[in-house]
Amino acid sequence: MSLSVLEHGVSETPSVNSEFEAADSYHRGCKRREGAKTLDASLASPRYLAISSQSPRAFLLLHTMQSLNGGDLEPTVRIRELKKDRVNFVLENVDLAFANSLRRVMMADIPTVAIDMVVIEINTTVLPDEFIAHRLGMIPLVSSNAEEAIRYNRDCTCPVSCKYCSIDLVLHVACHEGKTMDITSNHLDVIAPNMFDTPDDQGEVGDYGEELTKRVENFGHPVGKGDPSMPPVLICKIRKGQELKLKCIAKKGIAKEHAKWSPCSAVSFEYDPHNKLRHTTYWFENSSKTEWPVSELNGKEEEPERDDEAFDFNAKPNRFYFEVETDGSLGPQEVVMKNSKQNWQT
Amino acid sequence: MNAPSRYELFVLDEGEKAVEITDDTKIPNAATVKILKQDHTLGNMIRAQLLANPTVLFAGYKVPHPLHPYFLIKIQTDGTTTPTDVLQQACTKLIGTLSTLEAKFKREFSFKDAESGGGGMGGMATGAGMGTGDDPYGGGGAGGGAQGWGGGRDYLDF
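Every value quoted in this text rests on a predicted model; they were computed, and no experiment measured them. (Residues numbered from 1 in each chain as written. Chains lettered and ligands numbered in written order. Predicted model: local features only at pLDDT ≥ 70, side-chain atom pairs only at ≥ 80, totals over all residues. Heavy atoms only, no water.)

1. Focus on unusual backbone geometry
Move 1: The phi angle at Asn93 of chain A is positive, at roughly 60 degrees, despite the residue not being glycine.
Move 2: Taking the relative accessible area as the measure of exposure, Asn93 of chain A reaches 16% and is therefore buried.
Move 3: Although it is not a glycine, Asn29 of chain B adopts a positive phi angle of roughly 55 degrees.
Move 4: Tracing the chain through its elements places Asn29 of chain B in the loop between β1 (19–23) and β2 (30–36). (Buried < 20%, exposed > 50% of the residue type's maximum accessible area, 1.4 Å probe, protein only. Helix = DSSP H or I, 4+ residues; strand = E, 2+ residues; numbered from the N terminus.)

Here's what the structure looks like:
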């Protein structure tokens, strides 16, 4: 029986942070597509196109905004599609830098819960301890309202971890049958925190317990557990006589620390589908037209450039197409809403 | 063993000031602001907002080293305002934009909930899932009570 404590090393998975450096201030980004996906063309119904971006009320506001905002229009949002795990929206009248910040915040600044420490008691599977620990860390856990429902372990007064700053999960699977067995995220069980015992080192009485009341029922459970329509995450395959027994401690964190805390699996971000801004005038092999794939859905939102149209040197991107896909730890609604709630300090 | 904690890249140390302003010694009405534990997300946004202000002659930011968690923002104004003031204005404006955007998002999401009709609203009422209507994984998911995605009580009061 081996007993080892593993922490997800920094070197194991590159942090999302390093990927971000491409967004430099001095060169305006070229067409950026992350996690490019094929979008359903049927969604671009003319109904959406007909909605005007200006309501009469917004027009009234405009005058005040103009004096304050240097002539900028008020930002508008149009949600094109909303599903359980994804949202597709168009953002208008904002700056490119602003839209990009939005994207970055959604990817790396929203707290979620993920397994951070693993204590392995028995591991007779074919996979080494580190391998399993790393896989466990990647499993999305339900983190609704993680902002308030759990503390950061680093801010907590407890010595190692407690119910206010962590969630304990256990897994114990052994195979006694003559065929291969899957260990999946469904085998992970959350140990319910004891609501009544008070942590002995809790100084202020006022705020303890506050976190627990803000948790949803299945907070910290692996996403999709108990939902037969969702296939679980495979951790390991075992054969007869093999066993895996471990305890996990899940903590709150953000993806700047480790990508496992990102609530998004993919965020696609596009502007200027027809390359009217000519960000890549010289960057083609034979023809800039044929080598610029116009996205099916977003291409219909804007008029393609006419041949007789003169190039507008002062044009700026102001319409941004987002598709935010979450890993299930948070709903897309929550991801987008939390976005704006991130406190910017002055 | 003695590696610094990873969160030191985005959490201010005790007693550490988030913002540090140094006036430029050679250029009039110019200053360099050092913002700790922040990156391109905030830097580029502030830079762009500053440039929208006609009194700002120059605004640029840089992250001097990718391993050092701070950025510098250089601002020069035309003299009618100070760099500190324009920075403050820019931040206030950004916060304003964010809150209008939040309201817009809220409204849009509530429309989407209403549009998706009975299923979605039912989901909201019973507090299951996000109440988003269309079910990409076939029926039954939203009604799954606490087992729904991001489920449980609906504390998000959209």
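2. Focus: helix α1 (residues 40–51) of chain B
Move 1: Relative to the 16 Å expected for 12 residues at 1.5 Å per residue, α1 of chain B spans 16 Å between its end C-alpha atoms, a close match to the ideal helical length.
Move 2: Regarding α1 of chain B, the residues found buried are His40, Thr41, Leu42, Gly43, Asn44, Met45, Ile46, Arg47, Ala48, Gln49 and Leu50 of chain B. (Expected span 1.5 Å × (residues − 1).)

3. Some points on the domain arrangement of chain A
Residue and element names in this part refer to chain A.
Move 1: Considered domain by domain, chain A is made up of domain 1 (76–108 + 265–343) and domain 2 (112–194 + 211–257).
Move 2: Between the C-alpha centres of domain 1 and domain 2 there is a distance of 35 Å.
Move 3: Facing the 9 residues of domain 1 at the interface are 12 residues of domain 2.
Move 4: At the junction of domain 1 with domain 2, the criterion picks out 0 salt bridges.
Move 5: The tally of links from domain 1 across to domain 2 stands at 3 residue pairs in polar contact (both at pLDDT 80 or more).
Move 6: Secondary-structure elements contributing two or more residues to the side of domain 1 that touches domain 2 are α3 (96–108) and α7 (332–341).
Move 7: Each residue belonging to the side of domain 1 that touches domain 2 can be placed in one class, and the counts come to 3 nonpolar, 3 polar and 3 charged. (Domains from an automatic or database assignment. Contact = heavy atoms within 4.5 Å. Salt bridge = Lys/Arg side-chain N within 4 Å of Asp/Glu carboxyl O. Polar contact = N/O pair within 3.5 Å; in protein donor to acceptor, adjacent residues only side chain to side chain. Nonpolar A, V, L, I, M, F, W, Y, C, P; charged D, E, K, R; others polar.)

4. What to know about the environment of Lys237 of chain A
Residues and elements named next belong to chain A.
Move 1: Following the sequence through the fold, Lys237 ends up in strand β8 (residues 234–238).
Move 2: Sequence-wise, Lys237 and Thr184 are 53 residues apart; in three dimensions their C-alpha atoms are separated by 8.7 Å.
Move 3: The contact partners of Lys237, leaving out residues within four places of it in the chain, are Val126, Thr180, Met181, Asp182 and Gln242.

5. What about the sheet that holds strand β3 (residues 56–62) of chain B?
Residue and element names in this part refer to chain B.
Move 1: With respect to topology, 4 strands assemble into an open sheet ordered β1-β2-β4-β3, the strand pairing being antiparallel. Strands with a single pairing partner mark the edges of an open sheet, and in this sheet they are β1 and β3. On average, each strand axis in the sheet is tilted by 15 degrees relative to the strand beside it, whichever way the strands run.
Move 2: Pairing geometry for β1 and β2, over 5 bridges, is antiparallel. In the strand pairing of β2, Val19 is matched with Ile35.
Move 3: Packed on one face of the sheet, α1 meets β2, β3 and β4 (70–77) and runs near 170 degrees to β3.
Move 4: The strands that helix α2 (residues 83–115) touches are β1, β2, β3 and β4; relative to β4, the one it contacts most, it runs at about 115 degrees. (Pairing = 2+ DSSP bridges. Axes fitted to C-alpha atoms, helices over the stretch in contact; angles between N-to-C directions.)

6. Some points on the sheet that holds strand β3 (residues 86–92) of chain A
Move 1: The 4 strands lie next to each other as β2-β3-β11-β10 (chain A), forming an open sheet whose pairing is antiparallel. Each end of this open sheet is capped by a strand with a single partner; those strands are β2 (76–82) and β10 (264–271) of chain A. Each neighbouring strand pair of the sheet contributes to a mean axis angle of 15 degrees, computed without reference to strand direction.
Move 2: Looking at chain direction, β2 of chain A and β3 of chain A are connected through 6 bridges and run antiparallel. In the sheet register, Val77 of chain A faces β3 of chain A, and the bridge partner there is Leu91 of chain A.
Move 3: Running over the sheet, α3 of chain A touches β3, β10 and β11 (319–326) of chain A and is turned about 170 degrees from β10 of chain A.
Move 4: Contacts between α2 of chain B and the sheet are confined to β2 and β3 of chain A, with β2 of chain A contributing the most and set at about 35 degrees to the helix.

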